[in-house]
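Observations on the three-dimensional arrangement
Given next are the chains, with one letter for each unit.
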Amino acid sequence: MVGIGVDSMSNSELASQTAAGSRRSLARLLTLIQDGETEAIESVSNVENVKSIGITGPPGVGKSCLTDCLASFWAGKGERVGVLCIDPSSPLTGGSLLGDRMRMEQSGVDDRIFIRSVATRSSFGSLPLRLRAMISALSLAGMDRILIETVGVGQTEIGIVSMTDSVLLVDGPDRGDIVQAEKAGLLELADVIVVNKGDLDGAEQAAANIRSGLALGNAESVPVLVVSALNIVGIDELVHALENVQVRSSVEEIRWRHRLTSALLDQVLSDSKFDSTVIDLAEGRISLEQALQIILKQ
Ligand SMILES: Nc1nc2c(ncn2[C@@H]2O[C@H](COP(=O)(O)OP(=O)(O)OP(=O)(O)O)[C@@H](O)[C@H]2O)c(=O)[nH]1
Ligand SMILES: [Mg+2]
């Protein structure tokens, strides 16, 4: 029987049950991957990944509501949507916004959405790599779309969103936080930018400011849309933009640069000598150059 005793299943059994549609097996597999279980990560290493979208931006701009809208939109079209929320402060409801309306006409919307929260605690460095394997697990489970919401516009977020195939940057009407995103280098990874809360004053102006900023950086081809997740306005246009993202070689290069950096960082941090080297440094026994040599020699 599918879904019984997932705790005692081997990794390959979990993987095959996941592929057969067991949500419990998928949940267990994701937990093992998140915990860094090498065998679990290997069990999905040959899976062809479904295209994933990273959704990022400053706190409180409406990323979760927007993720909810997008997941419901695609689920309403009969697609299966996997959602990973990295360090969520506001839980996703599983398509409650748009879902309520769609449910009247169409059953099964919620069944087609799989949501998983992922804490970043204690996984500094390795989370981006594990995220790749989590995307593989969701792909194995037959998801048609994978959405990854992450809060903030710093280095950690860059590590996370560089693992996805495209990036949706969300901003609000009154914030100007996009400047922070630009400083952190996140703006150059954005394939689509939305100003959410378009029902509030200042949204069109914020979008105009972003467009002129992009034009200065020769990135005017990046669509900047005004939407309202709350009123479900502009979602069709957003879906269209996301489904028609142009691959830009310059962005691919940046993406791979971040992925490689994450992989290197992961290697260094998982080195058995790392912690003792830090102590040796702190206690003045070795220099930084010597520390580098110790770790790079491994
Ligand atoms: N007026 C208005 N409010 C919105 C809209 N979308 C979201 N909100 C509100 O903004 C608040 C934050 O929404 P969230 O979706 O939790 O925002 P978030 O970016 O995911 O927040 P964090 O994950 O905490 O960074 C909530 O109170 C939402 O109801 C919108 O289109 N218009
Ligand atoms: Mg959120």
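Here's a quick rundown of the structure. Predicted, not measured: the structure shown is a model, and the values here were computed from it. (Residues numbered from 1 in each chain as written. Chains lettered and ligands numbered in written order. Predicted model: local features only at pLDDT ≥ 70, side-chain atom pairs only at ≥ 80, totals over all residues.)

1. As for the pairing of strand β4 (residues 145–151)
A large share of β4 lies buried, amounting to 7 of its 7 residues. Residues Arg145, Leu147, Glu149 and Val151 line one face of β4 and the alternating positions Ile146, Ile148 and Thr150 line the opposite face, and both faces are buried. As paired elements, strand β1 (residues 52–57) and β4 share 6 bridges and run parallel to each other. Bridge pairing in β4 links isoleucine 53 to leucine 147. (Buried ≥ 20, exposed ≤ 12 C-beta atoms within 10 Å, placed from the backbone. Helix = DSSP H or I, 4+ residues; strand = E, 2+ residues; numbered from the N terminus. Pairing = 2+ DSSP bridges.)

2. Comments concerning the environment of aspartate 201
On the secondary structure map, aspartate 201 appears in the loop between β6 (192–195) and α9 (203–216). For the pair formed by aspartate 201 and proline 173, sequence separation is 28 residues and the distance between their alpha carbons is 7.0 Å.

3. Thoughts on the packing of helix α12 (residues 274–282) against helix α13 (residues 288–297)
Two numbers describe how α12 lies on α13: the axes approach to 10 Å, and their chain directions differ by 165°. Judged by the inter-axis angle, α12 sits roughly antiparallel to α13. Both α12 and α13 take part in a crossing whose hand is right-handed. Here Phe274, Thr277 and Leu281 of α12 lie close against α13, whose contacting residues are Leu288, Ala291, Ile294 and Ile295. (Axes fitted to C-alpha atoms, helices over the stretch in contact; angles between N-to-C directions. Parallel < 35°, antiparallel > 145°, perpendicular 65-115°, else oblique. Left-handed = near helix turned anticlockwise from the far one by under 90°. Contact = placed C-beta atoms within 7 Å.)

4. Comments concerning the nonpolar core
Core analysis: the largest hydrophobic core is formed by 75 residues, its most contacted members being Val83, Met134, Ala137, Leu147, Leu168 and Ala190. With 9 residues, the top contributor of residues to this core is helix α6 (residues 127–140). Two domains each provide a minimum of three residues to this core, namely domain 1 (1–46) and domain 2 (49–246). (Core = buried A, V, L, I, M, F, W, Y, C linked by C-beta atoms within 7 Å. Domains from an automatic or database assignment.)

5. Points about the packing of helix α1 (residues 11–19) against helix α2 (residues 23–34)
At a closest axis distance of 8 Å, the pairing of α1 and α2 adopts a crossing angle of 135°. Taken together, the axes of α1 and α2 are oblique relative to one another. The hand of the α1/α2 crossing is left-handed. Contacts from Leu14, Ala15, Gln17 and Thr18 of α1 reach α2 at Ser25, Leu26, Arg28 and Leu29. Looking at side-chain class alone, the contact of α1 with α2 contains 4 nonpolar, 3 polar and 1 charged residues. (Nonpolar A, V, L, I, M, F, W, Y, C, P; charged D, E, K, R; others polar.)

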